[in-house]
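Residue-level listing of the chains:
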Amino acid sequence: MRDTPATETDDDDTDRSRIDSARRNVLRALGAGTAVAATSGVASAGVGGGGRLFSADDDTADAEIDPQFGFAAASGDVEPPVEPDHEIRVLIQPREGAPIPEFFFDPVGLFVEPGDTVKWNFVTGHHSVTAYHPGFGYQQRVPDGVPPYSSPLMPQGGYWLYTFQQEGVYDYHCAPHEIFGHVGRIVCGSAKGFQPIPDLCAAPPSEGGEGEGGADGEGGDGENGENGEGGGGEPELRLPAFTGYTVLRDDSLTPECIVEKGAQPWTKIDPENKRLFLRVEGFPPCGEE
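Residues numbered from 1 in each chain as written. Predicted model: local features only at pLDDT ≥ 70, side-chain atom pairs only at ≥ 80, totals over all residues. Heavy atoms only, no water.

A. Layout of the sheet that holds strand β5 (residues 109-112). On the basis of which strands lie adjacent, the open sheet formed by five strands has the order β7-β9-β10-β5-β11 and mixed pairing. Edge strands, defined here as strands with exactly one partner in the open sheet, are β7 (130-131) and β11 (263-264). Sheet topology note: the strand β9 (residues 168-173)/strand β10 (residues 183-188) ladder contains six bridges and is antiparallel. Residue pairing for β10: His173 is matched across the bridge by Val183. (Pairing = 2+ DSSP bridges. Helix = DSSP H or I, 4+ residues; strand = E, 2+ residues; numbered from the N terminus.)

Below you can see the structure in the form of structure tokens.
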């Protein structure tokens, strides 16, 4: 396995201690299934073809990493079909002053070469790795021609593999926990074709006209009009939402910074960009009153 630059997280024992505490908090705060209900159904993306969810008894010798479904294993005991080039841990930890913990990928930003395979290790469970893709109802934040890739909801101790073939920037999220900041960015080869996430505070939408977006990253009455009535009735594609939006706009996750550093740990994200937005009227953060 190719070395990935070291991150600034604590060791596994400390992670497990934080995870146990955070899990208790999130169950109390959210209740079973609440986080999934907060999404638009992306978390239900299934697996098929080469992306079967394997048990330890399955033969993986002929398995492939599917370009849409990747390769999912319910246990770390399952031999991967290829040796990964990089690894990302999927974690939670207590959030100071809030019952809802931090959900994060570490490293949250990663540089890879075309053809590299990334392995997500699910130190905690009930998470996914899901592209920001029109096929899932999001504005496109992957290179042109890339399919709407996603892992299933993964159990604790499992892993998911995906091979990045096409040059460009790939923004992704955990479908149940995107609004809490559970997002990541991978730069493959270069930042070719990258479009920065619009600044929702830069130009508020004018009444009756076209606008960049509202509190949840949705547009106004422009091409993709309100309630999907514009653009021939097509459903509106949305931007990353709430804390997912602020994390992906963090200076440490600019493609240039990721290319330079190789990997960006979660600790590099500005704490201000990790804060929760639990009331719609508090988002986007356009300055203090």
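B. View of the environment of Val118. Examined against the element boundaries, Val118 turns out to sit in strand β6 (residues 116-122). Between the C-alpha atoms of Val118 and Glu87, which are 31 residues apart in sequence, the distance is 5.7 Å. Setting aside residues up to four positions removed in sequence, Val118 forms contacts with His86, Ile88, Leu110, Val112, Trp160, Leu161, Tyr162, Phe164 and Ile186. (Contact = heavy atoms within 4.5 Å.)

C. Representation of the state of the cysteines within the structure. If you walk through the whole model with that rule in mind, you get one disulfide. Note on cysteine connectivity: Cys201 is disulfide-linked to Cys286, with sulfurs 2.4 Å apart. Because the torsion about its S-S bond is -85°, the bridge between Cys201 and Cys286 counts as left-handed. With Cys201 in the loop between β10 and α3 (243-248) and Cys286 in the segment after β11, this pair connects stretches of sequence that are 85 residues apart. (Disulfide = S-S within 2.5 Å.)

D. The arrangement of the packing of aromatic side chains in detail. Counting across every chain of the model gives 14 aromatic pairs. Ring centres of Tyr162 and Phe164 lie 5.0 Å apart, and the angle between their planes is 75°; this geometry places the pair in the edge-to-face category. You'll find Tyr162 and Phe164 in the same group, each marked buried. Among the aromatic side chains, those forming a connected cluster through ring pairs are Phe105, Trp120, Tyr149, Trp160, Tyr162, Phe164, Tyr170 and Tyr172. Directly above the aromatic system of Tyr159 lies the positively charged group of Lys119, at a separation of 4.6 Å from the ring centroid. (Phe/Tyr/Trp six-rings, centres within 6.5 Å; stacked < 30°, edge-to-face > 60°. Buried < 20%, exposed > 50% of the residue type's maximum accessible area, 1.4 Å probe, protein only. Lys NZ or Arg CZ within 6 Å of the ring centre and 35° of its normal.)

E. Looking closely at the pattern of salt bridges. Counted according to the given criterion, the structure contains five salt bridges. The shortest N-O distance in the salt bridge between Asp171 and Arg141 comes to 2.6 Å. Of this pair, Asp171 sits in strand β9 while Arg141 sits in the loop between β7 and β8 (159-164), placing them 30 residues apart in sequence. The class for Arg141 is buried, based on a relative accessible area of 9%. Between Glu178 and Arg238 there is a salt bridge whose closest N-O contact spans 2.7 Å. Of this pair, Glu178 sits in the loop between β9 and β10 while Arg238 sits in the loop between β10 and α3, and the two are 60 residues apart along the sequence. Because the salt bridges share partners, they merge into one network encompassing Arg141, Asp171 and Arg185. (Salt bridge = Lys/Arg side-chain N within 4 Å of Asp/Glu carboxyl O.)

F. Geometry of unusual backbone geometry. Here the bond from Asp106 into Pro107 is cis, since omega is 5°, no more than 30 degrees from zero. Examined against the element boundaries, Pro107 turns out to sit in the loop between β4 (98-106) and β5. One non-glycine residue, Phe242, adopts positive backbone phi at about 50°. When you line up the elements, Phe242 lands in the loop between β10 and α3. Overall, the relative accessible area of 13% leaves Phe242 in the buried class.

G. Structural context of the environment of Gly287. The topology assignment puts Gly287 in the segment after β11. Given the relative accessible area of 59%, Gly287 is considered exposed. Separated by 86 residues in sequence, Gly287 and Cys201 have C-alpha atoms that sit 8.7 Å apart.

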